[in-house]
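Descriptive structure summary
Okay, here's what each chain looks like letter by letter:
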Amino acid sequence: MAFTLTHALTFEQEIKKSRFQALAAVVENEQQVKDFLAQHKDLSATHQCWAWKIGHTVRFNDDGEPSGTAGRPILATIEGNELTNVMVMVNRWYGGIKLGTGGLVRAYGGCAGQCLALAEKIELIEKIDIQFQCLFNEWAILQYELSQQGIEYQQYYTEQGVAISARAQANQIDALRHKLQDVTRGREQLKVIES
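Below, the structure is looked at part by part. (Residues numbered from 1 in each chain as written. Predicted model: local features only at pLDDT ≥ 70, side-chain atom pairs only at ≥ 80, totals over all residues. Heavy atoms only, no water.)

Here we look at the overall build of the protein
Selection rule: Think of it this way: any DSSP run of H or I at least four residues long counts as a helix, any run of E at least two long counts as a strand, and we number them from the N terminus. Computation of the radius of gyration draws on C-alpha atoms alone. For the globule rule, the value is 2.2 Å times the number of residues to the power 0.38. Classification of residues uses two cut-offs on accessible area relative to the type maximum, computed with a 1.4 Å probe and protein chains only: under 20% is buried, over 50% is exposed, and between them is partly exposed. For the accessible areas, the method is Shrake-Rupley and the probe is 1.4 Å, while residue cover comes only from the protein chains on display. When charges are tallied, Lys and Arg are placed among the positive residues and Asp and Glu among the negative ones, while His and the ends of the chain are skipped. For the purpose of locating charges, the reference atoms are NZ of Lys, CZ of Arg, CG of Asp and CD of Glu.
Looking only at helices and strands, the protein features 5 helices and 11 strands. Scaling as 2.2 N^0.38, a compact globule of 195 residues should have a C-alpha radius of gyration of about 16 Å, whereas the protein reaches 23 Å, well beyond that. Dimensions along the principal axes, computed over C-alpha positions, put the protein at roughly 75 × 30 × 25 Å. Put simply, the protein has 195 residues, and 41% of those count as buried. Element-wise, carbon and sulfur atoms account for 48% of the exposed surface of the protein, whose accessible area totals about 11000 Å². The average position of the 19 basic charges and that of the 23 acidic charges among the side chains of the protein differ by 7 Å.

This is the structure:
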């Protein structure tokens, strides 16, 4: 079971005169990661270390700190909280006292951990892209079914009827498949789009 954050948040702390600021946000693709990094670029920070996880894909960056002392501990905190679709950046403003590698690991991982401890988490439910078609006179029934289940959809009118693209939770697909079969009397099939 995977979780994600309900909203972005920030946490700050001072460790041996260095100021650490963690920023956590929800990201769903690499473009959102790039946008987050561009939006939060702070030239006054000595280091801007980060990590993100989207599904099974992970990335991290130590931004000039000794290898493995910043990005990896931030990522470990994300994974330790069973989070996905999450980005955490920890900014450091150097205060003149060296922390050593162990101190850096504790500082970056700890600051990210404190930030995520404040976060409200929700279960991440996988959504699947689907498509189907129906005749004009069948659309009202199927549109009602989509709305009742809270399924996001887009409809496209064609000469033959209506083509629908939707994003449904995995547990909603069977019921929708049966409803489509019933309404169209077996004429139409629900197609699952592989990502």
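Quick notes on the packing of helix H2 (residues 71-80) against helix H3 (residues 100-118)
Just so we agree on the cut-off: For helices, the fitted line uses only the C-alpha atoms of the stretch in contact; every axis is such a line through C-alpha atoms, and the angle between N-to-C directions lies from 0 to 180 degrees. Definitions for this section: a left-handed crossing has its near helix turned counterclockwise from the far helix by less than a right angle. A right-handed crossing has that turn clockwise. Here, two residues are considered to be in contact whenever any of their heavy atoms come within 4.5 Å of each other. When residues are sorted by character, Ala, Val, Leu, Ile, Met, Phe, Trp, Tyr, Cys and Pro go into the nonpolar class, Asp, Glu, Lys and Arg into the charged class, and all the rest, Gly among them, into the polar class.
Contact geometry of H2 with H3 gives a least axis separation of 8 Å together with a crossing angle of 30°. H2 and H3 meet at a crossing whose hand is right-handed. Contacts between H2 and H3 involve Pro 73, Ile 74, Thr 77 and Ile 78 on the former and, on the latter, Val 105, Tyr 108, Gly 109, Ala 112, Gly 113 and Leu 116. Tallied by class, residues from the contact of H2 with H3 come to 7 nonpolar, 3 polar and no charged.

Re the pairing of strand E10 (residues 162-169)
Filter applied, for reference: Should DSSP find at least two bridges between two strands, the strands are regarded as paired.
Where strand E8 (residues 127-134) and E10 come together, 8 bridges link them in antiparallel fashion. Within E10, the residue paired with Gln 133 across the bridge is Ala 163. Pairing of strand E9 (residues 152-157) with E10 involves 6 bridges; the strand directions are antiparallel. If you follow Glu 152 over to E10, its bridge partner there is Arg 167. Remark: 4 residues form the turn of the hairpin made by E9 and E10, two consecutive strands paired antiparallel.

A short note on the sheet that holds strand E3 (residues 18-26)
Taken together, 5 strands build an open sheet; the order of strands is E2-E3-E6-E4-E5 and the sheet is antiparallel. Since the sheet does not close on itself, it has two edges, and those belong to strand E2 (9-15) and strand E5 (57-61), each with one partner. Strand-to-strand, the axes of this sheet are offset by a mean angle of 10°, without reference to chain direction. Where E3 and strand E6 (residues 86-93) come together, 8 bridges link them in antiparallel fashion.

A few points about the packing of aromatic side chains
The cut-off we apply is this: Only rings of Phe, Tyr and Trp enter the pairing, Trp through its six-membered ring, and a pair is recorded when the two centres are within 6.5 Å. The plane angle decides the type: under 30 degrees is stacked, over 60 is edge-to-face, the rest tilted.
Following the criterion strictly, the structure yields 3 aromatic pairs and no others. Ring plane angle 85° and centroid distance 5.2 Å describe the contact between Phe 20 and Tyr 108, whose orientation is recorded as edge-to-face. Here Phe 20, found in strand E3, pairs with Tyr 108, found in helix H3; they are 88 residues apart in sequence, far enough to count as distant. Judged by relative accessible area, Tyr 108 falls into the buried class, the value being 0%. Ring geometry for Phe 136 and Tyr 157: centres 6.3 Å apart, planes at 15°, overall stacked. Of this pair, Phe 136 sits in helix H4 (residues 136-149) while Tyr 157 is found in strand E9, placing the two residues 21 residues apart along the sequence. A residue is classified by how much of its surface remains accessible, and Phe 136, at 47% relative accessible area, is partly exposed.

As for the pairing of E3
With 7 of 9 residues buried, E3 lies mostly within the body of the structure. The turn joining E2 and E3, which pair antiparallel and follow one another in sequence, is formed by 2 residues; a positive phi near 45° is taken by Lys 16.

Some words on unusual backbone geometry
A positive phi is found at Lys 16, a non-glycine position, where the angle reads about 45°. Despite not being glycine, Arg 185 shows a phi value in the positive range, around 55°. Relative to the elements of secondary structure, Arg 185 occurs in the loop between helix H5 (173-183) and strand E11 (191-193).

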